[in-house]
Amino acid sequence: MIALASFGCINKAKEAIAPQPPEGTGALTCREVVEQCDSQCGDPICLNNCTGQGTPDAASQHAALLDCGQRNSCTDQACMEQSCPSEISACMGPDPGTPAENAAPAPEPTTAPGQTPVAPPS
């Protein structure tokens, strides 16, 4: 009986240290969770609690990012970038401040051979 009670206490202690990520019930993207919540944290419990602020997809991505950091004993950005590049990419996505690399260039005016290009009316 004591073994069962202590096993239950150990499980509760593990949950307090690294709680199971809640289902995403928030509205934030994973990037927003990192930028708005994680940036305010100073310990793993806080970081794990941020996971629930994301949508279900964002919560899953955030949990994977935290799990990778924990598996690799990361305590700083450099370790995360080296150890978890795919998780960071999945969570952070493309930088919203930069244009998409695959954006179509502006169309060039087309002319028939021997014709002078005509500028569009202003």
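For clarity, every value in this text was computed on a predicted model and none was experimentally measured.

Here we take up the overall build of the chain. Helix and strand counts for the chain come out as 6 helices and 0 strands. Secondary structure elements of the chain occur, N-terminal to C-terminal, as α-α-α-α-α-α. Looking at the chain residue by residue over its 122 residues, the buried ones come to 24%. When the accessible surface of the chain is summed, it comes to about 9,000 Å², and 58% of that surface belongs to carbon and sulfur atoms.

Our focus in this paragraph is the state of the cysteines. Evaluation of the coordinates by the stated rule reveals 5 disulfides. Sulfur-sulfur distance for the disulfide between cysteine 37 and cysteine 50 comes to 1.9 Å. Disulfide cysteine 37-cysteine 50: torsion about the S-S bond near -75°, hence left-handed. Placement of the pair is cysteine 37 in the loop between helix 2 (30-36) and helix 3 (44-50) and cysteine 50 in helix 3, with a sequence separation of 13 residues. For cysteine 37, a relative accessible area of 10% translates into the label buried. Judged by relative accessible area, cysteine 50 falls into the buried class, the value being 0%. Here cysteine 41 engages in a disulfide with cysteine 46; their sulfurs sit 2.0 Å apart. Because the sign of the S-S torsion sets the handedness, a value of about -65° for the bond joining cysteine 41 and cysteine 46 places this disulfide among the left-handed ones.

Our focus in this paragraph is the packing of helix 4 (residues 56-71) against helix 6 (residues 85-92). As a packed pair, helix 4 and helix 6 sit with axes 9 Å apart at the nearest point and diverge in direction by 155°. For the element pair helix 4 / helix 6, the angle class is roughly antiparallel. Handedness of the helix 4/helix 6 crossing: left-handed. For the pair formed by helix 4 and helix 6, the contact residues are Gln61, Ala64, Leu65, Cys68 and Arg71 on the first element and Glu87, Ile88, Ala90 and Cys91 on the second.

Here we come to helix 4. Working note: α-helix, 3.6 residues per turn, so residues spaced by three or four point in the same direction. Helix length check: helix 4 (16 residues) gives 22 Å between terminal C-alpha atoms against 22 Å at 1.5 Å per residue, within 8%. When helix 4 is considered as a whole, its buried residues turn out to be Ala58, Ala59, His62, Ala63, Leu65, Leu66, Cys68 and Gly69. Against the buried residues of helix 4 lie helix 2, helix 3, helix 5 (77-83) and helix 6.

Right, let's get into the nonpolar core. Listed in full, the 11 residues of the largest apolar core are Cys30, Val34, Ala58, Leu65, Cys68, Cys74, Cys79, Met80, Cys84, Cys91 and Met92. Secondary structure elements with two or more residues in this core: helix 2, helix 4, helix 5 and helix 6. When residues of this core are assigned to their parent elements, the largest contribution, 3 residues, is made by helix 4.

Calculation rules
- Every chain's residues receive numbers from 1 upward, in the order its sequence appears when written.
- This being a predicted model, a pLDDT of at least 70 is required before a residue's local features are given, and a value of 80 or more before pairs of side-chain atoms are given or counted; all residues contribute to the totals for chains, interfaces and linings.
- Each side-chain value is worked out from all heavy atoms of the structure, with water and hydrogens disregarded.
- Segments assigned H or I by DSSP are reported as helices when at least four residues long, segments assigned E as strands when at least two residues long, and all are numbered from the N terminus.
- Relative accessibility under 20% of the residue-type maximum defines a buried residue, over 50% an exposed one, and the middle range a partly exposed one, all with a 1.4 Å probe and only protein chains included.
- To measure how exposed things are, a 1.4 Å probe is used in the Shrake-Rupley method; for residues, cover is taken only from the protein chains shown.
- For the purposes of this analysis, a disulfide is any pair of cysteine sulfur atoms at a distance within 2.5 Å.
- Working convention: axes come from line fits to C-alpha atoms, limited for helices to the stretch in contact. Angles between N-to-C directions cover 0 to 180 degrees.
- Oblique is the label for any angle not under 35 degrees, not over 145, and not in the 65 to 115 range, which are roughly parallel, roughly antiparallel and roughly perpendicular in turn.
- Each crossing gets its handedness from the near helix: less than a right angle anticlockwise from the far helix is left-handed, clockwise is right-handed.
- Contact definition: two residues touch when any of their heavy atoms are within 4.5 Å.
- The span one expects for a helix is its residue count, reduced by one, times 1.5 Å.
- We define a nonpolar core as any set of buried Ala, Val, Leu, Ile, Met, Phe, Trp, Tyr and Cys residues linked to one another through side-chain atoms lying within 4.5 Å.

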